[in-house]
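Secondary and tertiary structure notes
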Amino acid sequence: MSDVRSSRTTRMRSILHADLDAFYASVEVLDDPSLRGKPVIVGAARGERGVVSAASYEARQFGVHSAMPIRTAERLCPSGVFLPGHPDRYRELSDQVMAIFRSYTPLVEPISLDEAFLDVTGSAAAFGNGEAIARQIKSRVQSEAGLVVSVGVASNKLCAKVASDLRKPNALVVVPPGEEADFLAPLPVGRLWGVGPKAGQALREFGVQRVGELAALSDATLRRRFGQHGGELARRARGIDPSPVIPSQAPKSIGHEHTFEHDVVDPRHLESTLLDLAESVATRLRRHDMAAGAVQLKLRYEGFETLTRQEPLPHRTRDGELLYAAGVELLRRTLVAERAVRLVGLTAINLADAQQLTLFDGLDREERLSASIDAVRERFGENAITRARLLTDRPRRRFDFGERPNKAGPRSAPQELDE
Ligand SMILES: [Mg+2]
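What you see as residue numbers is a count from 1 along each chain, following the sequence as written. Residue-level local features of this predicted model are given only where pLDDT is at least 70; pairs of side-chain atoms are given and counted only at 80 or more, and the full residue set underlies all totals for whole chains, interfaces and linings. Hydrogens and water molecules were not included; the side-chain quantities draw on all heavy atoms of the structure.

Topic: the overall build of the protein chain
Formally: Put simply, DSSP H or I for four residues or longer makes a helix, DSSP E for two residues or longer makes a strand, and each gets a number counted from the N terminus. A 1.4 Å probe rolled over the protein chains alone gives each residue an accessible area, and that area as a share of the maximum for its type sets the label: buried under 20%, exposed over 50%, partly exposed in between. By definition, residues are in contact when any of their heavy atoms lie within 4.5 Å. Using a 1.4 Å probe, accessible areas were evaluated by the Shrake-Rupley method; residue-level cover was limited to the displayed protein chains.
Scanning the protein chain from terminus to terminus reveals 16 helices and 13 strands. The burial tally for the protein chain puts 50% of its 419 residues in the buried class. For the protein chain, contacts bridging at least 24 residues in sequence account for 67% of all contacts bridging at least 6. Accessible surface, the protein chain as shown: approximately 20000 Å² in total, 53% of it carbon and sulfur.

Side note on the coordination of the magnesium ion
To keep things clear, this is the line we draw: Any N, O or S atom lying within 2.8 Å of the metal counts as a donor, with the limit raised to 3.2 Å for Na, K and Ca; because water is left out of the atom set, some sites can appear incomplete.
Surrounding the magnesium ion are the protein donor atoms D19 (OD), L20 (O) and D114 (OD), at 2.2 to 2.4 Å. Linear spacing of the donor residues for the magnesium ion on their chain is D-L-x93-D. Here D114 lies in the loop between β5 (108-112) and β6 (115-119) and L20 lies in strand β1 (residues 15-20), a separation of 94 residues in the sequence.

Quick look at the sheet that holds β6
Put simply, the rule reads: The pairing criterion for strands is at least two bridges between them, as found by DSSP. Fitting a line to C-alpha atoms yields each axis, with helices limited to the stretch in contact; the angle taken between N-to-C directions then spans 0 to 180 degrees.
Ordered by their spatial adjacency, five strands build an open sheet running β5-β6-β1-β7-β8, and the pairing between neighbours is mixed. In the strand order of this sheet, the two ends are held by β5 and β8 (172-174), each with one partner. The mean inter-strand angle of the sheet, taken between neighbouring strand axes irrespective of direction, is 15°. The strands touched by helix α8 (residues 157-166) within the sheet are β1, β5, β6, β7 (149-154) and β8, with β7 carrying the most contacts at an inclination of about 145°.

A closer look at helix α5 (residues 87-102)
Which entries qualify depends on this criterion: Expected helix span is computed as 1.5 Å times (number of residues minus one).
Its 16 residues place the ends of α5 22 Å apart at the C-alpha level, agreeing with the 22 Å of an ideal helix rising 1.5 Å per residue. Of all the 16 residues making up α5, 13 are buried; the element is thus mostly covered by neighbouring parts of the structure.

Some points on the environment of Y301
Mapped onto the elements, Y301 comes out in strand β10 (residues 290-301). Here Y301 falls in the buried class, since its relative accessible area comes to 1%. Residues Y301 and A340 lie 39 residues apart in sequence; the distance between their C-alpha atoms is 5.8 Å.

Focus: the nonpolar core
This is how it is decided: Within this scheme, the nonpolar core is defined by two criteria: the residues are buried Ala, Val, Leu, Ile, Met, Phe, Trp, Tyr or Cys, and they are joined through side-chain atoms within 4.5 Å.
One finds L16, F23, F101, L118, I137, V141 and L147 to be the most contacted residues of the largest nonpolar core, which totals 35 residues. Contributing elements (two or more residues each) for this core: β1, α2 (23-31), β2 (40-42), β4 (81-83), α5, β6, α7 (130-145) and β7. Among the elements that take part in this core, α5 stands out by supplying six residues, more than any other. The contact partners of F101, leaving out residues within four places of it in the chain, are A18, V108, A116, L118, I137 and V141. Membership of the second largest hydrophobic core comes to 31 residues, among which are F260, L277, A282 and Y324.

Description of helix α15 (residues 320-334)
One turn of the α-helix equals 3.6 residues, which is why residues spaced by three or four share an orientation. The cut-off we apply is this: For the purposes of these results, a polar contact is taken to be a pair of N or O atoms within 3.5 Å, where, inside protein, one atom must be able to donate a hydrogen and its partner to accept one; residues adjacent in sequence count only when each atom of the pair is a side-chain atom.
The first and last C-alpha atoms of α15 sit 21 Å apart over 15 residues, in line with the 21 Å expected at 1.5 Å per residue. Every buried residue of α15 is listed here: G320, L323, Y324, A326, G327, V328, L330, L331 and T334. Those residues of α15 that are buried lie in contact with α14 (267-287), β10, β11 (306-317) and β12 (341-353). Near the N-terminus of α15, the side chain that reaches the backbone nitrogen of E321, with its oxygen 3.1 Å away, is that of D319.

Things to note about the sheet that holds strand β3 (residues 54-55)
Taken in spatial order, the three strands make up an open sheet running β3-β2-β4, and their pairing is mixed. The two strands at the open ends of the sheet, each matched to only one other strand, are β3 and β4. Two strands pair when backbone bridges link them, and β2 and β4 are joined in this way by three bridges, in the parallel orientation. Note on β4: the bridge partner recorded for V42 is L83. Helix-sheet contacts for α2 involve β2, β3 and β4, and the interaxial angle to β2 is about 120°.

Some thoughts on the confidence of the model for the protein chain
Rules: Per residue, pLDDT measures the predictor's confidence, with a range of 0 to 100.
Overall, the predicted model of the protein chain reaches an average pLDDT of 83, with 81% of residues at or above 70. Every residue in residues 1-9 scores below 50 in pLDDT, and together they form one contact with partners more than four places removed in sequence or on other chains. Confidence drops under pLDDT 50 across residues 358-365; counting only partners more than four residues distant or on other chains, this segment forms 10 contacts.

As structure tokens, this is what we get:
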């Protein structure tokens, strides 16, 4: 066992698990500082049907948690602030935070909008060890996105995941190499990633309460009791997890859509909405370093009849004006006069990695303007800069800092297929 292969497999990895604290609720507080310190519950407005999708730590003290019916949350927390939420805004901040992660390593595996694994083994020379990178990430997520992220640092995904969750919120938990099993041993078996409520129950019935007790059982015993899964359980209990961080697939499409508060007949109103959507799509294309080869328009008329139409672009682009031009062309060809429209959407499709495009694609020419727009938006928020035409007859879709949109008002939902 002294060949190259064994030394490679024993090379110590440095894995981070980064998890934003109470993400949706924290975004609501970020955009409306008057909510700070209050029990904020995201999922539905008070009195509406739905389930809790996020609760601030203040709300959790009342026993409110995710997946709980809103009605139950209202009963537990009568003083709660109940919000339907802003999916578009969560997606936007998630993109921004993931971009911060990707500035430390290309090996970022998003688990959800607010959670990702990072393999920073190869980043030590540039940024320091895992703990140093975790500290930089925490500080940048705070200063650039205004959010708090908990980070676990370990030699594998399993321990990093358990670590990030251990002392939330605002946690930084490092599991030193070689101490994986000792770190897990005192924890309840239910904490072990991969042990769901059912397996946890079965283990407790078997007399196993702590991870350490599980680790002490022989593989044979576990296999006899839990079948094939038993061996895997024992390995996990000993802190062993060779699974790699698998970077996310690039998105196959990036789209935004907008549902009007009142159905719209005026085509100019639709066109200005389309321009706004095109700018949002373009910003996200640039964030993903992608360019679109075609756009797809989605129209939903009153009565929910929905249609989609596609239009190729003259060349691949991530410029909002060009996406808009193709979208408006489609709209003019498609729209039936005097029919009221309930929803309009614009999706960039036929995506390619922008790095691989040549200057013939015209990317370079548009890049400077677009890049400066992105920079200003990143600092001051989405509405800080708009091209002149956006200002005419433009529906209020997003909000400026310090203002809130009408709670019952129009909302946009991000739509990212195959990601
Ligand atoms: Mg989270």
